[in-house]
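# Summary of the model geometry
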Amino acid sequence: MKPLNELTRPNIWALKPYSSARDEYSGKEASVFLDANENPYNTPNNRYPDPLQRELKALIAPAKGVRTGQIFLGNGSDEAIDLVYRCFTCPGKDNVVAIDPTYGMYQVCADINDVEYRPVRLDERFQLSAERLLAAGDERTKVIWICSPNNPTGNLMDRQEVLQVLREFQGIVVIDEAYSDFSSERPFRLELDEHPNLIVLNTFSKAWGCAAIRLGMAFASEAIIGILNKVKYPYNVNRLTQEAAIGQLEQQHEVRQWVTTLLEERERLAGEFARLPLCRTVFPTDANFFLARVTDATAIYRYLVDAGIIVRNRTNVTLCQDCLRVTIGTRPENDALLEALRKWNPEPPLNN
Ligand SMILES: *Cc1c(COP(=O)(O)O)cnc(C)c1O
């Protein structure tokens, strides 16, 4: 890996961050707080939250098998994705490489930041080739984006290929593991110490059942986390979110139970779906959704909308022609989908 000062946007490397009242005094022991121009009434919402979310990180670290200094928390993973561009790429100069198809936010944030985005097509099994990803870059490539299990395809990326990218690429490698709770493979966040150029993304939005609170995580070396923290808004994770996340971390057995149930339902729904006459292929999945190729994705999507059931039509995405992405719901929700699809009639009766 190139030295971090060469990878970081020069003004960010030189940045002296805003220092808030809660940065300068972060203890809780004092009894009189007259430092932040807060209103003394309306406890607890009157007080600014901890800018570095220490109490929350102390619970996340053991749950995720990382050190507290290796954790960045943001307003959804989306904040971490945007910060990667703002910290490590120069608009109009640098570029990034990503697998294709994948999660749309990597490209949207590249476009917002005026950074060239170089998609590299997966093969017909939706697998990446380290050689092709590396060959797509040049001396101005700062970041490679990998998502595993990948969205929208659902599958894990080949571990040996990912390891080759981590070893050979001189810039930052982001592996988005938003769905790793649904996979049995060892997550890359446990290998941060072996890969100084690695950033792993996680989220409270999927297995943790907390999409509404907007809490995303990035795990990386202490040096990389220090750069992300310098650029983030001082109070980017509000008190209500921190409190809700702490509550959910105290109920981890509930999360494990949800994952177990969803994995059972995934096997059942994918199996039943594959037997439908309209289904061509259900692709292998390691996530809480599956991608399926059907006879006519757009017509079936519209038919389901009319039945009050929403799936994701991915027919216009690279390699996903006539594919629907189906999230695993509760058993009755999954049954409602199957029941509607069993009634699907591709040839509307002729009017005569
Ligand atoms: C759903 C999803 C996320 C979650 O984003 P949040 O902003 O944390 O809700 C991140 N990455 C991928 C690939 C996803 O599918």
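Details of the structure are given in the entry above.
Residues numbered from 1 in each chain as written. Predicted model: local features only at pLDDT ≥ 70, side-chain atom pairs only at ≥ 80, totals over all residues. Heavy atoms only, no water.

So, about the environment of valine 108. As for its position among the elements, valine 108 is in helix α6 (residues 105-112). A residue is classified by how much of its surface remains accessible, and valine 108, at 40% relative accessible area, is partly exposed. Note: C-alpha distance between valine 108 and serine 205 (97 residues apart in sequence) is 19 Å. (Helix = DSSP H or I, 4+ residues; strand = E, 2+ residues; numbered from the N terminus. Buried < 20%, exposed > 50% of the residue type's maximum accessible area, 1.4 Å probe, protein only.)

This part is about the packing of helix α5 (residues 76-88) against helix α9 (residues 222-231). Axis separation between α5 and α9 bottoms out at 10 Å; the angle between their running directions is 100°. In terms of orientation, α5 lies roughly perpendicular with respect to α9. Here α5 contributes Leu83, Val84, Arg86, Cys87 and Phe88 to the contact with α9, which in turn contributes Ile224, Ile227, Leu228 and Val231. A breakdown of the residues in the contact of α5 with α9 according to their chemical character gives eight nonpolar, no polar and one charged. (Axes fitted to C-alpha atoms, helices over the stretch in contact; angles between N-to-C directions. Parallel < 35°, antiparallel > 145°, perpendicular 65-115°, else oblique. Contact = heavy atoms within 4.5 Å. Nonpolar A, V, L, I, M, F, W, Y, C, P; charged D, E, K, R; others polar.)

Across the sheet, four strands lie side by side as β8-β9-β11-β10; this open sheet has antiparallel pairing. Each edge of the sheet is formed by a strand with only one pairing partner; in this case those strands are β8 (279-282) and β10 (312-313). As paired elements, β8 and strand β9 (residues 289-294) share three bridges and run antiparallel to each other. Bridge assignment links cysteine 279 to a residue of β9, and that residue is valine 294. Against the sheet, helix α12 (residues 297-306) makes contact with β9, β10 and β11 (323-327), and its axis sits at roughly 40° relative to β11, the strand it touches most. (Pairing = 2+ DSSP bridges.)

Time to look at unusual backbone geometry. A cis amide bond links aspartate 100 to the next residue, proline 101, at an omega of 5°. With respect to the element layout, proline 101 can be found in the loop between β2 (95-100) and α6. Here the residue pair serine 148 and proline 149 is connected by a cis peptide bond, since its omega of -5° sits within 30 degrees of zero. If you trace the backbone, proline 149 turns up in the loop between β4 (141-147) and α8 (159-168). Even without glycine at this site, phenylalanine 126 takes up a positive phi of about 65°. Taking relative accessible area as the criterion, phenylalanine 126 reaches 3% and is therefore assigned buried.

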